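Residue-level listing of the chains:
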Amino acid sequence: MRLSRFFLPILRETPKEADIVSHRLLLRAGMIRQEGAGIYAFLPLGLRVLNKVCRIVREEQDRSGAIEMLMPTIQSAELWKESGRYDDYGKEMLRIKDRHEREMLYGPTNEEMVTEIFRAYVRSYKDLPLNLYHLQWKFRDEVRPRFGLMRGREFLMKDAYSFDLDQEGARHSYNKMFVAYLRTFARLGLRAIPMVADTGPIGGNLSHEFIILAQTGESEVFCHRDFLEVAVPDASVDFDDVAGVQAIVDRWTSLYAATSEKHDEAAFAAIPEADRVSARGIEVGHIFYFGTKYSAPMKAVVAHPDGSEKPVHMGSYGIGPSRLVAALIEASHDEAGIVWPEPVAPFRVGIANLKQGDAATDAAAGELYAALQARGVEVLYHDLDERPGSKFATLDLIGVPWQILVGPKGLKEGKVELKRRAGGDRELLSPADVLERLA
Ligand code: ATP
Ligand code: MG
Ligand code: MG
Ligand code: MG
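Residues numbered from 1 in each chain as written. Chains lettered and ligands numbered in written order. Predicted model: local features only at pLDDT ≥ 70, side-chain atom pairs only at ≥ 80, totals over all residues. Heavy atoms only, no water.

1. As for the packing of aromatic side chains
So, point 1. Per the stated rule, a full pass over the model turns up 15 aromatic pairs.
So, point 2. Both rings, one in F178 and one in F210, keep their centres 5.5 Å apart while their planes meet at 65°; by these two values the pair is edge-to-face. Of the two residues, F178 sits in helix 6 (residues 167-187) while F210 sits in strand 10 (residues 206-213), which places them 32 residues apart along the sequence. Residues F178 and F210 agree in their burial class; the two are buried.
So, point 3. When the centroid spacing of 6.0 Å and the interplanar angle of 35° are considered together, the rings of F227 and W252 count as tilted. Placement of F227 in the loop between strand 11 (219-224) and helix 7 (242-253) and of W252 in helix 7 is noted, with a sequence separation of 25 residues between them. W252 matches F227 in its accessibility class, with the two residues each being buried. (Phe/Tyr/Trp six-rings, centres within 6.5 Å; stacked < 30°, edge-to-face > 60°. Helix = DSSP H or I, 4+ residues; strand = E, 2+ residues; numbered from the N terminus. Buried < 20%, exposed > 50% of the residue type's maximum accessible area, 1.4 Å probe, protein only.)

Put into structure tokens, the structure is as follows:
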């Protein structure tokens with residue numbers, strides 16, 4: 001992408017309305033635009049990052065055996081009356097009436113709808129287990145939408161729903177998602193700690209929140225220091241190996257970790273003081289097992305091998321990709337701007353032409369750009385007529401991991417500079433060596 005043809009509305013001034021660094025940087029880097037309280041447009045740069053996050057989320061859902069679908073944002077109130085949640089959900093639900101005065105709502109979550117879909121088609125144990133997921137916008141009329149993408153009213157969620165014959169099967173489905181979540185956050189370059197959590201309005205009795213430690217987090221959390229070191233399962237994990245997956249979950253739940261709602265002072269005090277972490281955290285994912293809470297009232301029943309019919313056992317599993325975009329920035333930034341981990345960077349490479357209009361510099365930068373494009377590298381070519389300092393500032397602000405600085409001085413010796421955004425290391429290399437390094 002040539003910057004001259006892209007849409008990147010950088011703000012030079014720090015926006016006053018933003019209280020936390022991720023919100024400030026999202027606005028300054030031209031990634032999002034506020035369109036209402038807790039409602040944001042993703043500008044092109046922001047969308048590139050959101051899509052990268054979603055891609056990793058999808059890959060790990062798919063790897064664990066979950067199946068992608070897409071449910072609508074607008075739901076009928078009837079379904080929520082069946083489950084009994086229509087009245088319980090309260091003011092967080094955006095209620096709408098259509099032209100026929102029918103009660104509708106903008107979905108804050110999808111347990112009811114997915115249960116309706118399930119019961120329409122699945123009748124037998126032979127069709128289980130099943131895990132259906134989608135990535136869809138949600139609306140929750142939060143009391144205090146704030147911190148930009150961190151607590152929006154309209155936000156993106158990946159929500160998965162598992163269906164099993166019995167509690168034992170549901171436990172395995174829960175464990176698979178637990179492991180998929182560990183892998184998802186690790187691939188995003190984040191350390192998320194599974195913590196025993198309250199189940200809230202989703203209900204149920206087995207639940208973990210995945211939390212990233214950060215000073216700006218809204219949750220108060222307590223955990224054992226070793227959680228910062230435990231190894232994350234690699235891609236070879238066999239999701240059909242019930243005992244193997246359980247063993248991973250056991251390892252990750254053997255140490256103390258809880259949010260304030262579930263905090264146990266005595267258990268925490270039993271940890272050696274040097275290993276106690278008491279911190280603030282951002283909830284980036286949440287998994288629940290809730291048995292027959294929806295299937296029983298909504299009559300989603302399946303035939304067991306013995307011929308009896310019983311409500312299916314369910315769990316639900318959420319990740320917030322739009323919140324993650326903000327959480328990633330909270331976890332990785334410096335004075336100059338965002339420092340994207342490579343897997344989620346909007347562009348992997350930036351080229352700064354330090355003397356726009358100089359024939360030799362234009363040619364060298366243009367050739368590098370074409371060669372990287374041809375090799376499938378996502379590259380942003382800063383080809384505007386701006387001073388070098390301003391180009392460095394832009395590439396640093398938007399966090400491009402690898403930056404190639406092309407100027408007449410270096411080119412005289414046949415060299416360009418390769419700069420690493422994280423750490424700032426610079427190296428003089430020939431364009432051919434740069435290509436070798438990055439492609
Ligand atoms: P919170 O405690 O922050 O209000 P929640 O517990 O209500 O979140 P869940 O119902 O567990 O959220 O939803 C699953 C995931 O969706 C959360 O873990 C989070 O990543 C994301 N999420 C929830 N609410 C928001 C929001 N208002 N803005 C952005 N992401 C959100
Ligand atoms: Mg909430
Ligand atoms: Mg919560
Ligand atoms: Mg939650």
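So that's the structure; there's more coming.
2. Comments concerning the packing of helix 2 (residues 44-63) against helix 9 (residues 321-331)
So, point 1. Across the interface, helix 2 lies against helix 9 with an axial gap of 9 Å and an inter-helix angle of 110°. Comparing their axes, helix 9 and helix 2 come out roughly perpendicular. At the point where helix 2 passes helix 9, the crossing takes the right-handed sense. Taken together, the residues of helix 9 that come into contact with helix 2 (itself represented by V49, L50, V53 and C54) are P321, S322, L324, V325 and L328.
So, point 2. When its residues are assigned to classes, the contact of helix 2 with helix 9 shows eight nonpolar, one polar and no charged. (Axes fitted to C-alpha atoms, helices over the stretch in contact; angles between N-to-C directions. Parallel < 35°, antiparallel > 145°, perpendicular 65-115°, else oblique. Left-handed = near helix turned anticlockwise from the far one by under 90°. Contact = heavy atoms within 4.5 Å. Nonpolar A, V, L, I, M, F, W, Y, C, P; charged D, E, K, R; others polar.)

3. Details of the sheet that holds strand 22 (residues 416-420)
So, point 1. Reading across the sheet, the five strands line up as 20-19-21-22-23 and stay open at both edges, with mixed pairing between neighbours. Sheet topology places strand 20 (379-382) and strand 23 (426-429) at the edges, where each strand pairs with a single neighbour. Ignoring which end each strand starts from, the neighbouring axes of this sheet average 20° apart.
So, point 2. Relative to strand 22, strand 21 (residues 402-406) is paired through four bridges, and the arrangement is antiparallel. In the sheet register, W402 faces strand 22, and the bridge partner there is R420.
So, point 3. Together, strand 19 (349-353), strand 20, strand 21 and strand 22 form the strand contacts of helix 10 (residues 359-374), whose direction differs from that of strand 19 by roughly 165°. (Pairing = 2+ DSSP bridges.)

4. Thoughts on the nonpolar core
So, point 1. In this structure, M31 and W340 are the most contacted members of the largest nonpolar core, which totals 84 residues.
So, point 2. Of all the elements, helix 6 adds the most residues to this core, at eight residues.
So, point 3. In contact with M31, other than residues within four places in its own chain, are L26, A41, F42, L43, L45, G46, V49, V325, I338 and W340. (Core = buried A, V, L, I, M, F, W, Y, C linked by side-chain atoms within 4.5 Å.)

5. Focus: the pattern of salt bridges
So, point 1. All told, the structure shown has 26 salt bridges when counted by the stated rule.
So, point 2. Put simply, E378 and K52 hold a salt bridge, and the shortest N to O gap is 2.6 Å. Of this pair, E378 sits in the loop between helix 10 and strand 20 while K52 sits in helix 2, and the two are 326 residues apart along the sequence.
So, point 3. Note on E378: relative accessible area 33%, which makes it partly exposed.
So, point 4. On the basis of relative accessible area, K52 is assigned to the buried category, the value being 16%.
So, point 5. A salt bridge links E59 to R187; its shortest N-O distance comes to 2.7 Å. Placement of E59 in helix 2 and of R187 in helix 6 is noted, with a sequence separation of 128 residues between them.
So, point 6. Residue class for E59 comes out partly exposed when judged on its relative accessible area of 29%.
So, point 7. Bridged by salt links that share partners, the residues R55, E59, E60, R63, R183 and R187 form one connected network. (Salt bridge = Lys/Arg side-chain N within 4 Å of Asp/Glu carboxyl O.)

6. Notes on the sheet that holds strand 6 (residues 103-106)
So, point 1. The antiparallel open sheet is built from three strands, whose spatial order is 4-6-5. Among the strands making up the open sheet, the edge pair consists of strand 4 (74-76) and strand 5 (94-97). Adjacent strand axes in the sheet meet at a mean angle of 40° when their direction is disregarded.
So, point 2. Relative to strand 6, strand 4 runs antiparallel, the two being bridged by three bridges. What sits directly across from Q75, in strand 6, is L105.

7. A few points about the coordination of the magnesium ion (ligand 4)
So, point 1. Coordination of the magnesium ion (ligand 4) by the protein is provided by E283 (OE) and H286 (ND1), with metal-donor distances spanning 2.1 to 2.3 Å.
So, point 2. A separation of 3.1 Å is found between the magnesium ion (ligand 4) and the magnesium ion (ligand 3), which are bridged by E283. (Donors = N, O, S within 2.8 Å, 3.2 Å for Na, K, Ca; no water.)

8. Focus: the confidence of the model for the chain
So, point 1. Averaged over the chain, the pLDDT score is 96; the fraction of residues at 70 or greater is 99%.
So, point 2. The complex prediction reports pTM at 0.97, with the ipTM value standing at 0.99. (pLDDT = per-residue confidence, 0-100.)

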